[in-house]
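One letter stands for each residue in the lines below.
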Amino acid sequence: MSVNLASGLSAGIQALGLNLSDDRQKLLLDYVALIQKWNKVYNLTALRDPADMLSHHLLDSLTAVAPLARHAQGQAIRVLDVGSGGGLPGVVLAICMPELNVTCVDTVAKKAAFVQQVAASLKLPNLRGIHARVESLTDPYQVICSRAFASLPDFVSWSRSALAEGGVWMAMKGKHPQDEIKALPSDVKVFHVEPLVVPGLDVERCMVWMKPEAACPV
């Protein structure tokens, strides 16, 4: 992995205000190297340039770390990353927050297998990849997240059976998805929309936090 990528990652982490050890940063770079190595076999991403992978995948996913850390408050919660593909943001969250228990689910067997390979190669006991449709999952997760996966109504409807009591949905989106928010089921409420800034990318990003209405304060 080139020095340029390492310095770019370090600068991005600093811009995001994250405190990640050298060991964690190395794991992130090793993860990008695995994506590069296995991309042709697993068809993980259309991006081929490592610099693009850094900005569009790694730094983009890293914007979720601080918001999730504020929500989790150091608790060892279970996180489900839906439609994870090659593990974005799930693998990044598992690397940066070892206290989390992260499961990445995808309907494409090769992509789920890749996440399993990442967990083994990088020795991440808190990460696993499973090949399944999210609708079939019933194990409870305190946070269910997605990154550019589906519309908000589809995301919450498909994953509802896996949401723990008192759990929340955390959706990484581009522009503020007002139309999708309006189309949410009546018993799902948005309690926070958080703007995200990706270092080095001039793009609109936001995080939409949702929970079942029963969990909302009266």
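Further up the page is the structure itself.
Every value quoted in this text rests on a predicted model; they were computed, and no experiment measured them. (Residues numbered from 1 in each chain as written. Predicted model: local features only at pLDDT ≥ 70, side-chain atom pairs only at ≥ 80, totals over all residues. Heavy atoms only, no water.)

J.: Explain the overall build of the chain here, please?
T.: Scanning the chain from N- to C-terminus turns up 8 helices and 7 strands. Against the 2.2 N^0.38 benchmark of 17 Å for 218 residues, the chain shows a C-alpha radius of gyration of 16 Å, consistent with a compact globule. Counting only C-alpha atoms and orienting by the principal axes, one finds that the chain spans roughly 50 × 35 × 30 Å. The buried share of the chain, taken over its 218 residues, is 51%. Considering only contacts within the chain whose residues lie at least 6 apart along the sequence, 67% involve residues at least 24 apart. (Helix = DSSP H or I, 4+ residues; strand = E, 2+ residues; numbered from the N terminus. Rg over C-alpha atoms; globule rule 2.2 N^0.38 Å. Buried < 20%, exposed > 50% of the residue type's maximum accessible area, 1.4 Å probe, protein only. Contact = heavy atoms within 4.5 Å.)

J.: In this structure, what is going on with unusual backbone geometry? I would like to understand it.
T.: Negative phi values dominate among residues other than glycine, just as trans dominates among peptide bonds. Along the chain, Leu-88 connects to Pro-89 via a cis peptide bond; the corresponding omega equals 5 degrees. Here Pro-89 shows up in the loop between strand S1 (78-82) and helix H5 (90-96). Phi angles above zero are rare outside glycine, and Gln-73 is one such case at about 50 degrees. Inspection of the secondary structure puts Gln-73 in the loop between helix H4 (65-72) and S1. The phi dihedral of Lys-123 falls on the positive side, at around 55 degrees, and the residue is not glycine. The residue Lys-123 is located in the loop between helix H6 (109-121) and strand S3 (127-131) in this model. In this structure Lys-123 comes out as exposed when scored by relative accessible area, which is 70%.

J.: What is the right way to look at the environment of Ala-109 in this model?
T.: Take Ala-109: it is sitting in helix H6. Along the primary structure Ala-109 and Val-168 are separated by 59 residues, whereas in three dimensions their C-alpha atoms are 26 Å apart.

J.: How should I be thinking about the environment of Ala-162 in this particular structure?
T.: Tracing the sequence through the fold places Ala-162 in the loop between helix H7 (152-159) and strand S5 (163-173). Residue Ala-162 is classed as buried on the basis of its relative accessible area, which comes to 0%. When residues no more than four places from it in sequence are discounted, the contact partners of Ala-162 are Leu-80, Leu-137, Asp-139, Pro-140, Tyr-141 and Ile-144.

J.: Sorry if this is basic, but what is going on with the pattern of salt bridges here?
T.: Pairs can form between side chains of opposite charge whenever their charged atoms are close. Applying the stated rule across the entire model yields 7 salt bridges. Glu-194 is the salt-bridge partner of Arg-70, the closest N and O atoms lying 2.3 Å from each other. Here Arg-70, found in helix H4, pairs with Glu-194, found in strand S6 (residues 188-196); they are 124 residues apart in sequence, far enough to count as distant. Glu-194 gets classed as buried once you look at its relative accessible area, which sits at 10%. For Lys-173, the salt bridge identified is with Glu-180, shortest N-O distance 3.0 Å. Lys-173 sits in the buried class, given a relative accessible area of 13%. When its relative accessible area of 23% is taken as the criterion, Glu-180 is described as partly exposed. Where salt bridges share partners, they join Asp-60, Arg-147 and Arg-205 into one cluster. (Salt bridge = Lys/Arg side-chain N within 4 Å of Asp/Glu carboxyl O.)

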